[in-house]
Amino acid sequence: MTNRRLITLIIAIMALALILPPGLSIWMTHRQAKETFMDQLETYSKLADMRTLRVVNESKTALRQLENWRGPVCTADHLLEMQRASYAHRYVQEVLYVDALQPHCSSLQNGTSTSPFPPPKKITADGFRVWLTRHNDLGLSRNMIAIGNEHYVVMVDPQSLIDILSYGSLPLHFSLVNTSTRQIIAGGTEIPSAVLEQIAQRAQTTEHFRESTYHIKYDASLGLATVTWMPDTPLENNWHRLLTIWVPFSLLMSLLLAFVLLKVLRRLQSPRYQLQEAIHRREIMAHYQPIMALESGRIVGAEALARWQQKDGSFLSPDIFIPLAVHSGLMPQLTRLMMENVFADMGSWLQQHPEQHISVNLEPADLLDPCLPALLAELLQRWQLSPSQIALELTERGFADPAVSGPAINTLRAAGHAIYIDDFGTGYCSLSYLQNLDVDTIKIDKSFVDALEQKTVTPHIIEMAKALKLAMVAEGIETEAQLQWLKQCGVEYGQGWLYSKALPAEKFIRWAENNLHEKGLCYC
């Protein structure tokens, strides 16, 4: 009986090993194909929503600025002011001066042939009037979005609300629909009537119809719905393609899995789990790269950089574990660990050198962490340091949603912390966007410092920072020629291997003290 049971158990394990891998392959390939499909659809729907918010906010900003005009209207100076508003705000096509809904002059020309505006059908919560109209001074027979306040109306091309580049492999479509008339005003592709019926209900939803999947997002303030959709054919094709790869492979591996399944499962540890354990065991430490005043060669502070040493003594690149922390939701825990490490490493040194500072990198998720301001305040109190000695660096995507990031950034600045835009120029900030950000310093990305010889983008970034009275830190300075060029252009601060790579705390303090002694700044 015992042998029979053992044989039965072995046969059951072998059968499971033979059936489970192909079955899992079929299920997982379908799930992977569907998740990729839905994730891309959802991602682009969110991007379209962000673009709409950005266009509307930019239009409102232009209107508020124009209402400050106090001179005579429709004069040369007034027209120039309207043209400046149209130029400075990239999504504004035209500016009209109106009185009692009658246009009098335009940023495109002195007079205007535009007919009087009818009473608006939409008024936003903050009092702006909204029209969908075909009237314009260019003679174009196409839908335009008009947003106005008391005396001005800006014209916006509705195509700009859905003009989003697709970086994926799946065919993606956008349309902008008037929810009152169910008329497509941008995008130009026919939408099934069943989907338009859902738009009439004015609710966010995902619909499957005629072998396509539609995601509907409604904007009540504009009376518009953004429809994002993809045909299901790529989903099926992707699934079949994955099946031809994974099913034969899984069959070949079935016998092997019967012998090694338990062993492999015991040893499997997800990257997220390993990172979580590393944070819990405080294995991730801070290294410090000096930040220098370019003109004097004096150290003014350092940037704290996360380093994760592996068992073989090597360091795992932050380009690997920082994105992992962001996508797995561990970034706030990692940031809190880095903050504690910075104060433990550098608290005493910062006490001795109150003119020095340490900058710490933050991710967008950190701005949602309610514990961060309290932790900073508690650590500053414990070490008796000034808030100005701890600067906070955010990449441009940290400012992508002002409604979320704005209050958190304002709280940190009000507490006395300087705010940096890290890797400036690699994201999407423009002049019109940057001037609305509440920051102190921009950090010029190393890629632009490396390309100084071409002198294409970097001078524009420097002039932009000067115009907005922002301090500048150039990253990745490696040669004397780069240093001299940056000094001549008025860049105040820099960091890079020309001075030092990122160092552990003890080595950094020795390096910094040597620099202070060499410059006659020893605070012994």
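Quick summary incoming for the structure in this document.

Parameters and conventions
Residues numbered from 1 in each chain as written. Predicted model: local features only at pLDDT ≥ 70, side-chain atom pairs only at ≥ 80, totals over all residues. Heavy atoms only, no water. Disulfide = S-S within 2.5 Å. Helix = DSSP H or I, 4+ residues; strand = E, 2+ residues; numbered from the N terminus. Axes fitted to C-alpha atoms, helices over the stretch in contact; angles between N-to-C directions. Parallel < 35°, antiparallel > 145°, perpendicular 65-115°, else oblique. Left-handed = near helix turned anticlockwise from the far one by under 90°. Contact = heavy atoms within 4.5 Å. Nonpolar A, V, L, I, M, F, W, Y, C, P; charged D, E, K, R; others polar. Pairing = 2+ DSSP bridges. Salt bridge = Lys/Arg side-chain N within 4 Å of Asp/Glu carboxyl O. Buried < 20%, exposed > 50% of the residue type's maximum accessible area, 1.4 Å probe, protein only. Phe/Tyr/Trp six-rings, centres within 6.5 Å; stacked < 30°, edge-to-face > 60°. Arc of directions from axis to C-beta. 1 Å grid on protein atoms, 1.4 Å probe; cavity = no way out; pocket = protein on both sides within 12 Å on 5 of 7 lines; lining within 4 Å. Points joined across faces, edges and corners; volume = space filled by probe spheres on them.

Notes on the state of the cysteines
Next, step 1: Under the defined criterion, the tally for this structure stands at one disulfide.
Next, step 2: Across the disulfide from C74 sits C105; the S-S distance is 2.1 Å. The sign of the S-S torsion, about -85 degrees, decides the handedness of the disulfide formed by C74 and C105: left-handed. In this pair, C74 is assigned in the loop between α1 (2-66) and α2 (76-88) and C105 in strand β2 (residues 102-106), connecting sequence segments 31 residues apart.

So, the packing of helix α7 (residues 331-352) against helix α14 (residues 505-518)
Next, step 1: Direction vectors running N to C along α7 and α14 enclose 20 degrees, while the axes themselves pass 10 Å from each other. On the basis of the axis angle, α7 is roughly parallel to α14. For the crossing formed where α7 meets α14, the hand is right-handed. Along the contact surface, α7 presents D345, M346 and W349, while α14 presents A505, F508, I509, A512, E513 and L516.
Next, step 2: Of the residues assigned to the contact of α7 with α14, the class counts are seven nonpolar, no polar and two charged.

Re the sheet that holds β2
Next, step 1: If you walk across this open sheet you meet the six strands as β2-β1-β6-β5-β4-β3, and the pairing is antiparallel. In this open sheet, the two strands that pair with only one neighbour each are β2 and β3 (122-123).
Next, step 2: In this structure, strand β4 (residues 129-133) lies alongside strand β5 (residues 144-148), joined through five bridges in antiparallel fashion. In the sheet register, R129 faces β5, and the bridge partner there is G148.

Overview of the pattern of salt bridges
Opposite charge on two side chains allows them to pair when their charged atoms are near.
Next, step 1: Applying the stated criterion across every chain yields a total of 15 salt bridges.
Next, step 2: Ionic pairing is found between R281 and E277, a salt bridge with its closest N-O pair at 3.1 Å.
Next, step 3: Residue E277 is classed as partly exposed on the basis of its relative accessible area, which comes to 22%.
Next, step 4: Of the charged contacts, one joins K443 and E303 as a salt bridge, the two residues approaching to 2.9 Å between their closest N and O atoms. Here K443, found in strand β18 (residues 441-444), pairs with E303, found in strand β13 (residues 298-309); they are 140 residues apart in sequence, far enough to count as distant.

Quick look at the packing of aromatic side chains
Next, step 1: Evaluated as defined, the whole model comprises five aromatic pairs.
Next, step 2: Plain terms: the ring middles of F117 and W131 are 4.9 Å apart, the flat faces sit at 40 degrees to each other, and that makes the pair tilted. Placement of the pair is F117 in the loop between β2 and β3 and W131 in strand β4, with a sequence separation of 14 residues.
Next, step 3: For W131, a relative accessible area of 5% gives the class buried.
Next, step 4: Among the aromatic side chains, those forming a connected cluster through ring pairs are Y288, W349 and F508.

Quick word on helix α12 (residues 458-467)
One full turn of an α-helix is made of 3.6 residues, so residues set three or four places apart face in the same direction.
Next, step 1: All of the buried residues along α12 are T458, I461, I462, M464 and A465. One side of α12 holds all its buried residues, which, seen down the axis, span an arc of 160 degrees. Exposed and facing more than 90 degrees away from the buried side of α12 are H460 and A467.
Next, step 2: Looking one or two places after α12, you find K469, whose phi comes out positive at around 60 degrees.

Observations regarding empty space enclosed by the protein
Next, step 1: Enumeration according to the criterion identifies one cavity of 30 Å³ or more in this entry.
Next, step 2: Volume-wise, the largest cavity comes out at about 30 Å³.
Next, step 3: Around the largest cavity, the lining residues are A48, D49, T52, K217, Y218, D219 and T226.
Next, step 4: When grouped by side-chain class, the residues that make up the lining of the largest cavity number two nonpolar, two polar and three charged.

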